[in-house]
Amino acid sequence: MRVFTIPPGTPFPDALAHGMLGFWPDAAARARARVLAPDAVIAALLGRRLAALGLPEVVVHAVGDPRDVTMWPVPAADVPPVLPPMRRRLLLARLVWQWSQRDAGTEPMGMGQAIHLADSLVRLIDDLQRERLDLSALSEFVPDRFAAHRRVTLDFLAVLCEHWPHILAAEGGVEPVARHNWMLDGLADAWRAAPPDGPVIAAGFAEAGDALGGLLAVIGGLPRGAVVLAGLDRDLDEAAWAALGPTHPQYALRGLLGRIGVERAAVAPWPVDDMSAAPSGRVRLIAEVMRPADTTEAWADALRDLAPDAEAAFAGLTRFDAPGPREAAAAIAVTLRAALAGPDGTAALVTPDRALARRVAAELRRWDIVPARPDGTPPADTVDGLFLRLLAHAAAADFAPVPLLAVLKHPLACGGMERNTFVVRVRRLDLALRGPRPAPGLSGIAARLIDDGAEEGFVAWFDDLAARLRPFGDLVAAGADLDALAAAHRCAASALAGADGARAAIALLAEIEVAAAGMGRVEAGAYADLFEALIATAPALLSEQDVADARLSIWDLDEARLRQADLMILAGLDEGVWPEAARADPWLNRPLRLALGLPVPEAAIGRAAEMFVQAACAPRAVLVRARKAEGAPTVPSRWLVRLQTLAHGLGLQDRLDAPAAWLAAVDAADAPAAFTPIRAPRPRPPTSSRPTLMSVAEVEMLLRDPYAVYARRVLRLRPLDRLDADPGAAERGQIVHAALERFVRTNSDRLPPDALGRLIEEGRLLFDQPGASPVVAAFWRPRFARVARWFVETFEAEVRQHGVPVALAALGMWPVDGRITLTAKVDRIDRRFDGTLALYDYTTGRAPSADEAKAAYSPRLLLAGLVAEAGGFPGVPAAVVGALDHIVLRGGDPPGAVQPVEDVGVNLRRAETGLKRLLARFADPATPYAAGGSSGWPGPYDHLARHGEWDLPSHGGGD
């Protein structure tokens, strides 16, 4: 039997193709040659390499590709159809979901959770069939011997064993692995009986199930057959070879050799003399990094053997520990860009971290570089996939403002019109929806637009938009069959984006729609989570590679296998990322899997280790990790730790460190050509542009942050309310103020005997009015009852002894000088029996602190007192102000409090002097409206003043 291996660090496809030229020099024989590769990616790569070497006649087959039936010894029409993957997932999910409903005493799972469990069940069934184990093999495990939760799982697997074959028969399809086994067995039997007349090579397989192992054994025994492995360690000592565990990169290869009946010593090197391989000693160095833990005492001897080639082994190998993911992505992007400086250089990023891959791709776009993804982008991460997800979540939220605007602002959305026109209208809708959430649904938004006086054309546009979305939203809200929901989702996406704008999205939904036939009902509001689960592991149907640079690639671990570029960057080398933590099987624990002969969860770490070895043995390899992720320290990958240990033992610990120039290059990529720190803005508009009418709130703003007054009154800019703004603080204040005003106005002469009941009733009417927030009502109704009792029994009982109310919610004006008029609003004014006035300001929040009052940063009530003394409030003749009280109404303990302004007469005169001085100063066109006040108060216009750019010690901010 002829079995060969190509060492790590040697470009596998090129080495395989070159070796074929020497192995079968006869051109006529090569014309009949076949190459079997493990998947379509490798097959396509091999095909290109063979054609480039003048071997276009060699036929390449992708073993495992259900579309490739050209090499099987049966007519294509006789090959049994495979059950479509989406249909298979949904059928299994329905079984899981139905099983979860069996016990009325437990909470049933949602269909989204059932989908995730079905995905793990798919992996279990594939593992069983790969080892030629039927589901009935589980019956030998008696549930009574296990813990209760394990018995439940085995009970379900018994039900699956009973029902699943009948479901498959009804569907008219077979499991993909079962079909694969059937085809491999047929090919092995045919070639065993009648060997092909041309060369046959099985190349690049790292592990094999029973059927594939049998075929490889047949191919290795053919007269012109050969099995070519990738990266078999022929030099690993026997003790270490015997001690291999599932986490070792050679573990799967040892199992494959056992299946085909070949000893490791019988594996020969594939002829690759003319190929560029890994630096001298690199393969041995990485092999020692992977040495089984039980045999690491051999490191002492290994270090002596490595010492002569140590410098060469570390040549071209670099480690970079970035401060965080942003710096890591930037450094990778800068390095990849530099690798493309030459005319022929290639580079690749290998990482299992999809978030990091997206960061790097985004960084590369600053130079208009688009990396290739050989298998496309996962649907959930594409433009089309995001559009579908946003639309599903908007429907699930009954088209509340934030999720609705998120999908309308997506670049695919156009609403049946020209995109730019649609964007203008969506921006206007954004402005209309600012503030507390309108009434539920699309009809609630339409009512908001009408109430706000939007013109008829704009309302008609929104009605048309609502008509495109409402059928899908109504179906999601009511619940429906999954295929009907997918169809409605598809229709809504097509109506919102146009069929030409979302073809890939429509195709994916059409696939789900077909696969979901007969799946049953999805509960109300559950579709969005179910769709997220379905799209999370869907095949990469949606691709974004139209303008990709062929010399630059981003690969995940599966895509990177047996591929090599001139520069290989291995990123995400942290525990839990690469390698990922072993994923537990929710159906069978580790002992059960071992008893059945199935791979254990740790085998995934071994596969990740194999990818690390292949990439790290490249002539130029960069190992990248981030010291922190999401603010928390990370743990270096176990392989990095071992590599650093060996480097230390060889006295070359500094050789791995990336030069400081790396971070400098990252900084330089973002650094401007020149940097001049800006100073705080100090606009000086002419007198004609300065305000002549100012409220007491704006005077307070002028004290705290003059630039805010400039932005508000001169530039006439208003801060936008938040979307879905919390109605609590504003609405509860409005309700409390309105209830007290109505109560006092109705009972201005005297309090009735049932005063408390009447005040509580006023509050009830306001809390229950249409459009009022139920959250505010639920939280503040009991608080208002406590406020009402305090207000009637304590506050009113006290102040009615000294005077009577003469003005409520009063708006007054006072011409301070010949140019500026001051306006003030006060909640209540009482005329006391001694002829003085008392002004009361209600607040459900926080009254000005003693420090703020002392610093005169909150002078509103004092300024309102000046307006009152000047007779500026209608119906309130001028009089001395004897009391200025902040009435704090919070409903806690105590429910209310009176916070008086001390020394009213003295503070009024001081406020008057300060006001006139302040207004006179800002009437001078030479006086700037400087940004930032001495109070440190955060203002609503700080971002316009670019506060963060100049208010830094290093910038020496200020004028």
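As the structure is a prediction and not an experimental result, all values here were calculated from the model. (Residues numbered from 1 in each chain as written. Predicted model: local features only at pLDDT ≥ 70, side-chain atom pairs only at ≥ 80, totals over all residues. Heavy atoms only, no water.)

Caption draft 1: A look at the sheet that holds strand β7 (residues 317-322). Reading across from one edge, β7-β14-β13-β8-β12-β9 is the order of the six strands in this open sheet, with parallel pairing throughout. In the strand order of this sheet, the two ends are held by β7 and β9 (371-372), each with one partner. Direction of pairing for strand β8 (residues 347-350) relative to strand β12 (residues 549-555): parallel, over a ladder of four bridges. Bridging from a neighbouring strand, Val350 pairs with Trp555 of β12. Set on the sheet, helix α14 (residues 325-339) makes contact with β7, β8, β12, β13 (567-571) and β14 (621-626); between it and β13 the angle comes to about 175 degrees. Here helix α26 (residues 603-616) sits on the sheet in contact with β7, β13 and β14, set at roughly 145 degrees to β13. (Pairing = 2+ DSSP bridges. Helix = DSSP H or I, 4+ residues; strand = E, 2+ residues; numbered from the N terminus. Contact = heavy atoms within 4.5 Å. Axes fitted to C-alpha atoms, helices over the stretch in contact; angles between N-to-C directions.)

Caption draft 2: Expanded view of the sheet that holds strand β1 (residues 3-6). On the basis of which strands lie adjacent, the open sheet formed by six strands has the order β3-β2-β4-β5-β1-β6 and parallel pairing. A single partner strand is all that each edge strand has here, and the edge strands are β3 (59-62) and β6 (268-269). Inspection of the sheet shows β1 paired to β6 by two bridges, in the parallel sense. Its bridge partner being in β6, Thr5 is matched across the sheet by Pro269.

Caption draft 3: Looking closely at the environment of Arg428. Take Arg428: it is sitting in helix α18 (residues 419-432). Placed 30 residues apart in sequence, Arg428 and Phe458 show a C-alpha to C-alpha distance of 9.2 Å. Once residues within four sequence positions are removed from consideration, Arg428 is found in contact with Ala454, Glu455 and Phe458.

Caption draft 4: The arrangement of the packing of aromatic side chains in detail. With the rule as written, the count across this model stands at 17 aromatic pairs. Among the aromatic residues, those joined into a cluster by ring pairs are Trp790, Phe791, Phe795, Tyr840 and Tyr842. Arg366 extends its terminal NZ or CZ atom over the ring of Trp367, reaching a point 5.3 Å from the ring centre. Residue placement shows Arg783 over the ring face of Trp780; its charged tip is 5.9 Å from the ring centre. (Phe/Tyr/Trp six-rings, centres within 6.5 Å; stacked < 30°, edge-to-face > 60°. Lys NZ or Arg CZ within 6 Å of the ring centre and 35° of its normal.)

Caption draft 5: A nonpolar patch on the surface, seen in detail. Judged by side-chain polarity, Leu715, Leu717 and Leu944 come together as a nonpolar surface patch covering roughly 220 Å² of accessible area. Relative accessible area serves as the criterion here: at 34%, Leu717 is assigned to the partly exposed category. (Patch = residues over 30% accessible without salt bridge, like charges linked within 9 Å, V, L, I, M, F, W, Y side chains within 5 Å. Areas by Shrake-Rupley, 256 points an atom, 1.4 Å probe, with all protein chains shown as cover. Salt bridge = Lys/Arg side-chain N within 4 Å of Asp/Glu carboxyl O. Buried < 20%, exposed > 50% of the residue type's maximum accessible area, 1.4 Å probe, protein only.)

Caption draft 6: Quick look at the packing of α14 against helix α15 (residues 354-364). As a packed pair, α14 and α15 sit with axes 8 Å apart at the nearest point and diverge in direction by 50 degrees. Between α14 and α15, the crossing angle belongs to the class labelled oblique. Crossing of α14 over α15 shows right-handed handedness. Of α15, the residues touching α14 (which contributes Pro325, Arg326, Ala329, Ala330, Ile332, Ala333 and Leu336) are Leu356, Arg359, Val360, Glu363 and Leu364. (Parallel < 35°, antiparallel > 145°, perpendicular 65-115°, else oblique. Left-handed = near helix turned anticlockwise from the far one by under 90°.)

Caption draft 7: Just the nonpolar core, in detail. Formed by 91 residues in total, the largest nonpolar core has its most connected members in Leu121, Trp164, Leu429, Phe462, Leu496 and Tyr527. Considering every element that reaches this core, the biggest residue donor is helix α5 (residues 111-130), with ten residues. Not counting chain neighbours up to four residues away, the residues in contact with Leu496 comprise Phe387, Leu391, Val407, Leu408, Leu412, Ala413, Cys414, Gly415, Gly416, Phe422, Leu465 and Leu469. Judged by nonpolar contacts, the second largest core, of 47 residues, contains Ala680, Tyr710, Ala807 and Val826. (Core = buried A, V, L, I, M, F, W, Y, C linked by side-chain atoms within 4.5 Å.)

Coordinates in, geometry out; function isn't part of it.
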